[in-house]
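Residue-level structure breakdown
Residue-level listing of the chains:
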Amino acid sequence: MTMEILVIGLNHATAPVAVREKITFPGNSEGDLTRRLLRVRGVEEVVILSTCNRAEVIAATPDADSTANALIEDIGGVHGLEVRSFLEYLYVKRGAQAVRHVFRVASSLDSMVVGEPQILGQVKDAYRIATESNTTGPLLNRLMHRAFFTAKRIRNETGVGIAAVSVAYVAVELAKKILGELKQKRVLLIGAGEMAELAARHLLHQVDLPIVVVNRTYQNAVCLAQELRGHARPMEELDRELDAADVVITSTGSCQALITKPQMKGLMKRRRFKPIFLIDIAIPRDVDPEVNDIEGVYVYNIDDLQAVVEENIGERRQEALRGETIVADEVTKFVSWMGTLDSAPTIVALKDKLERIRAGELARLNGKLGALTPEQRETVEVLTRSIINKIAHDPIVFLKQSGNVPKRNLYLDLAQRLFDLGGAGPHRSREKDNDEG
């Protein structure tokens, strides 16, 4: 059974935030969702990757076409959406294209902020959740580990990470562009997760006034506020803190908007329409888009950060090209390895048959050889194994190379007939395929 890598997803380049926020796989439910997707027809292995800028399903399947259709239907079912409402925003990649995509994502070459370091950790977390959910196997295990290796090569061999900025950093840069000097601005941080913490750390040296942290779990807000030498407030005091804030950066895991139009209308009247800037880097969005219609309120979401990103990408573009060369090299190696999986059972069968012949002939000649010392017997063993290995070398090299050519099934069939291997073929265990590869 020939397996293939399949990737289905959408990201910042293919779908606006209004679509992306409808197709998400929240971290606290990824384990359940990966197990659900493993039950989709044709899915043998699966990993879900979900970040603020992308939602992807990475699968191993023997039938990419029908499996892709089944997965797309199930993605719609998970989110309660008609497929036609999001189909145009999806990308479907298979084979070498899918491998290349996974390697580029892990290496941050496919990120909105090229070179940002957070994505590799997010990919590793997605893989960890999948392995803990028992939804990966030999193919995706190998794929993900090679993706991590590729990311490490690019980080070590190129300068793609030099001056790289995170989404949180870009959010702070946007605040500076809008507000100018931030030292006397009151900053409110909503959320105590990784993205919110990164934004706060970038802000720490830009403001003189204490940063206020509001979070649904108050203790988390306290911990982060202590690190930032700021103040923590419970979510129940959000309105009061919004009233006092000049700039708000919000990044929570809420499935519903935390800041609504009616709420902000009343707040702006109390503020006498003093401007407030809301930077929403959450997916789904924390701020209702209609809030932007209110006088004095300026809302920027994660897609609005793209312009700031473009200003920072020029110096890394050449290094990114070097990274693409490394990705191409690693994709070639991985696809070549995949090609050997079909030939592995035949190679194992050939080795087994030659070893049986060798051992059988030695046993048959045992009485004719006379009394051999242990040293002499070892010499005979080494000699006969060496002869067998030399005989097997050329056929094995040929079979491994045939895994990458269109007629590989013909070559495998001929090898099985030529050596009378009893129909050894790709139907044998995938575990043995993986060991041999």
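Okay, so let's go over this structure. (Residues numbered from 1 in each chain as written. Predicted model: local features only at pLDDT ≥ 70, side-chain atom pairs only at ≥ 80, totals over all residues. Heavy atoms only, no water.)

**Some points on the sheet that holds strand β2 (residues 45-50)**
Put simply, the test is: Should DSSP find at least two bridges between two strands, the strands are taken to pair. Only DSSP runs of H or I covering at least 4 residues are called helices, and only runs of E covering at least 2 are called strands; the numbering of each starts at the N terminus. What counts as an axis is a line fitted to C-alpha atoms, over the stretch in contact for a helix, and the angles between N-to-C directions run from 0 to 180 degrees. By the convention used here, residues are in contact when the closest approach between their heavy atoms is within 4.5 Å.
Strand order in the open sheet formed by 4 strands is β2-β3-β1-β4, and the pairing between neighbours is antiparallel. Lying at the two open borders of the sheet, with one neighbouring strand each, are β2 and β4 (91-94). The sheet shows a mean angle of 15° between the axes of neighbouring strands, taken without regard to direction. Direction of pairing for β2 relative to strand β3 (residues 54-61): antiparallel, over a ladder of 6 bridges. The partner of Val 47 across the bridge, within β3, is Ile 58. Its contacts with the sheet put helix α5 (residues 118-132) on β2 and β3, and the angle it makes with β2 is roughly 140°.

**Comments concerning the environment of Leu 139**
As for its position among the elements, Leu 139 is in helix α6 (residues 138-157). Considered as a pair, Leu 139 and Thr 61 are 78 residues apart in the sequence and their alpha carbons are 9.8 Å apart.

**Notes on the nonpolar core**
Note the following rule: In these notes, a set of buried Ala, Val, Leu, Ile, Met, Phe, Trp, Tyr and Cys residues joined through side-chain atoms within 4.5 Å is what counts as a nonpolar core. Buried residues are those whose accessible area, probed at 1.4 Å on protein chains only, stays under 20% of the maximum for their type, while exposed residues exceed 50% and partly exposed ones sit between those limits.
Judged by nonpolar contacts, the single largest core of 40 residues is most densely connected at Val 167, Leu 189, Val 213, Ile 249, Ile 281, Ile 302 and Leu 305. Elements supplying a minimum of two residues to this core: α7 (167-179), β5 (187-190), α8 (194-204), α9 (218-227), β8 (247-250), β9 (276-280) and α12 (306-365). Sort the elements by how many residues they give to this core and α7 lands first, with 8 residues. Filtering out sequence-adjacent residues up to four positions away, Ile 302 remains in contact with Val 17, Arg 20, Cys 52, Asn 53, Met 112, Val 167, Asp 280, Ile 281 and Ile 283.

**A look at the packing of aromatic side chains**
Here is the rule: Planes of paired rings set the category: under 30 degrees apart is stacked, over 60 is edge-to-face and the rest tilted, where pairs are Phe, Tyr or Trp rings (Trp by its six-membered ring) whose centres lie within 6.5 Å.
For the structure shown, the criterion picks out 4 aromatic pairs. Look at Tyr 127 and Phe 148: their rings are 5.9 Å apart centre to centre, the planes differ by 65°, and that puts the pair in the edge-to-face class. Here Phe 148 lies in helix α6 and Tyr 127 lies in helix α5, a separation of 21 residues in the sequence. For Tyr 127, a relative accessible area of 10% corresponds to the buried category. An angle of 15° between the planes, with centres 4.9 Å apart, marks the rings of Phe 277 and Tyr 298 as stacked. Of this pair, Phe 277 sits in strand β9 while Tyr 298 sits in strand β10 (residues 297-301), placing them 21 residues apart in sequence. Owing to a relative accessible area of 37%, Tyr 298 belongs among the partly exposed residues under this scheme. Aromatic ring contacts, followed pair by pair, group Phe 103, Phe 334 and Trp 337 into a single cluster.

**Topic: the pairing of strand β1 (residues 4-11)**
Most of β1 is tucked away: 8 of the 8 residues are buried. Of the two faces of β1, the one lined by Glu 4, Leu 6, Ile 8 and Leu 10 and the one lined by Ile 5, Val 7, Gly 9 and Asn 11 are each fully buried. Two strands pair when backbone bridges link them, and β1 and β3 are joined in this way by 8 bridges, in the antiparallel orientation. In the strand pairing of β3, Ile 8 is matched with Val 57. Where β1 and β4 come together, 4 bridges link them in antiparallel fashion.

**Side note on the packing of α7 against α8**
What counts here: Comment on the angle field: the value is read as roughly parallel under 35 degrees, roughly antiparallel over 145, roughly perpendicular from 65 to 115, and oblique elsewhere. The handedness criterion is simple: a crossing whose near helix is rotated anticlockwise from the far helix by less than a right angle is left-handed, and one whose near helix is rotated clockwise is right-handed.
One can describe the packing of α7 onto α8 by two numbers: an axis separation of 8 Å at closest approach and a directional angle of 45°. By the criterion of interaxial angle, the relationship of α7 to α8 is oblique. Here α7 runs over α8; the crossing is right-handed. Facing α7, whose interface residues are Val 167, Ala 168, Tyr 169 and Val 172, α8 presents Met 195, Leu 198, Ala 199, His 202 and Leu 203.

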